[in-house]
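Below, each chain spelled out in residue letters.
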Amino acid sequence: MRKLRIVTVAALVLAMAFSTTALAAPSPMAGTVMVVVPGGNGTPASAKVSMPTQKQLEALASFISKDAAAAGLVPSVKSTIDISAPADYKGGDTPVVFAVAGLRNGANNVFAYILLPNGKTVVVPCTVRNGYVGFFAPAFGTVSIVELNVPGAIPSTALPATLH
C-alpha cells in the first residue's frame, strides 16, 4: 500500500510539472530586439540595444509630454531603449519587434516615439500581440513605447481581462 502511495504522488508531481510547462504562455525575452533589414535576405537579425543617455531621455520625455498634451491625452511610457542600426542597414522602413510588459493584446492607443540621431522625433503606431510590440521604424534611434489614454480614464492595462 505504501509503494502505491509513493508511485501515485510521484505521478501527480510529474503530471503537474509537465502540464504547467505545456500550458504556460511563452514569455517574451527581455532585451531582445529583432529587425528585418529592407533589401536583406528576409531573416530577422538582432539589433544592438543599449540604455539611452540622460540627454536623449530628457528630449524624448519633453516631446512626448507636449505631443500628448496637445492631443488632450495622458502618456504612459512603457519602455525606452536605444536601437542602433544593424551593419547591413541602408535605410527604409524596418519592422521592429520587442517585448514590452503591461499592454493588452490589440491595443490601438500605443505608439513608438523615435528620437533620431539628428534630433528629429517621429511617432509611429504600434501593434501589440502576446507581450510583444511591433512597428515599422523609418530609421533607428532612441525608442519609447507609449500608451496614450484619455484623462481620468482607467488605463485598459489596469483592468482585469475577466471578472470572476
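Conventions we followed
Residues numbered from 1 in each chain as written. Predicted model: local features only at pLDDT ≥ 70, side-chain atom pairs only at ≥ 80, totals over all residues. Heavy atoms only, no water. Pairing = 2+ DSSP bridges. Helix = DSSP H or I, 4+ residues; strand = E, 2+ residues; numbered from the N terminus. Contact = heavy atoms within 4.5 Å. Core = buried A, V, L, I, M, F, W, Y, C linked by side-chain atoms within 4.5 Å. Buried < 20%, exposed > 50% of the residue type's maximum accessible area, 1.4 Å probe, protein only. Phe/Tyr/Trp six-rings, centres within 6.5 Å; stacked < 30°, edge-to-face > 60°. Axes fitted to C-alpha atoms, helices over the stretch in contact; angles between N-to-C directions.

Caption draft 1: Representation of the pairing of strand β9 (residues 132-137). In the sheet, strand β5 (residues 94-99) pairs with β9 via six bridges, with the strands oriented antiparallel. Looking at the pairing, Val96 lines up with Phe135 of β9. Inspection of the sheet shows strand β8 (residues 127-129) paired to β9 by three bridges, in the antiparallel sense. Bridge pairing links Thr127 to Gly134 in β9. Linking β8 back to β9 in an antiparallel pair, the connection comprises two residues, with Asn130 at a positive phi of about 50°.

Caption draft 2: The arrangement of the environment of Val77 in detail. On the secondary structure map, Val77 appears in strand β4 (residues 74-84). In this structure, the C-alpha to C-alpha distance between Val77 and Val110, residues 33 residues apart in sequence, is 9.6 Å. Excluding residues within four positions of it along the chain, Val77 makes contact with Ile64, Ser144, Ile145 and Val146.

Caption draft 3: Representation of the nonpolar core within the structure. In terms of nonpolar packing, the biggest core is built from 23 residues, with Phe98, Ala112, Ile114, Val133, Phe135, Val143 and Ile145 touching the most fellow members. Contributions of two or more residues to this core are made by β4, β5, β6 (110-115), β7 (121-125), β9 and β10 (142-149). Ignoring anything within four residues of it in the chain, the contact list for Val133 reads Val96, Val97, Phe98, Val100, Leu103, Cys126, Thr127, Val128 and Ile145.

Caption draft 4: Up close: the packing of aromatic side chains. Per the counting criterion, the structure on display carries two aromatic pairs. Judged by centre distance (6.1 Å) and plane angle (65°), the ring pair of Phe63 and Tyr113 falls under edge-to-face. Of this pair, Phe63 sits in helix α2 (residues 54-71) while Tyr113 sits in strand β6, and the two are 50 residues apart along the sequence. Centre to centre, the rings of Phe98 and Phe135 are 6.3 Å apart; their planes meet at 85°, and the pair counts as edge-to-face. Residue Phe98 is located in strand β5, and its partner Phe135 is located in strand β9; the two are separated by 37 residues in the primary sequence.

Caption draft 5: Structural view of the sheet that holds β4. Strand order in this open sheet of five strands is β3-β4-β10-β6-β7, and the pairing throughout is antiparallel. Two strands in the sheet have a free side with no partner beyond their single neighbour: β3 (48-50) and β7. Between one strand and the next, the sheet's axes are offset by a mean angle of 30°, whatever the strand orientation. Bridge count for β6 against β10 is six bridges, and the pairing is antiparallel. Paired with Ala112 across the two strands is Ile145, which belongs to β10.

Caption draft 6: Here's a closer look at the side chain of Asp82. Within the secondary structure layout, Asp82 lies in strand β4. Taking relative accessible area as the criterion, Asp82 reaches 13% and is therefore assigned buried. Setting aside anything within four residues of it in sequence, one finds Asp82 in contact with Lys48, Val49, Ser50, Met51, Pro52, Gln56, Gly141 and Thr142.

Keep in mind these values describe shape, not function.
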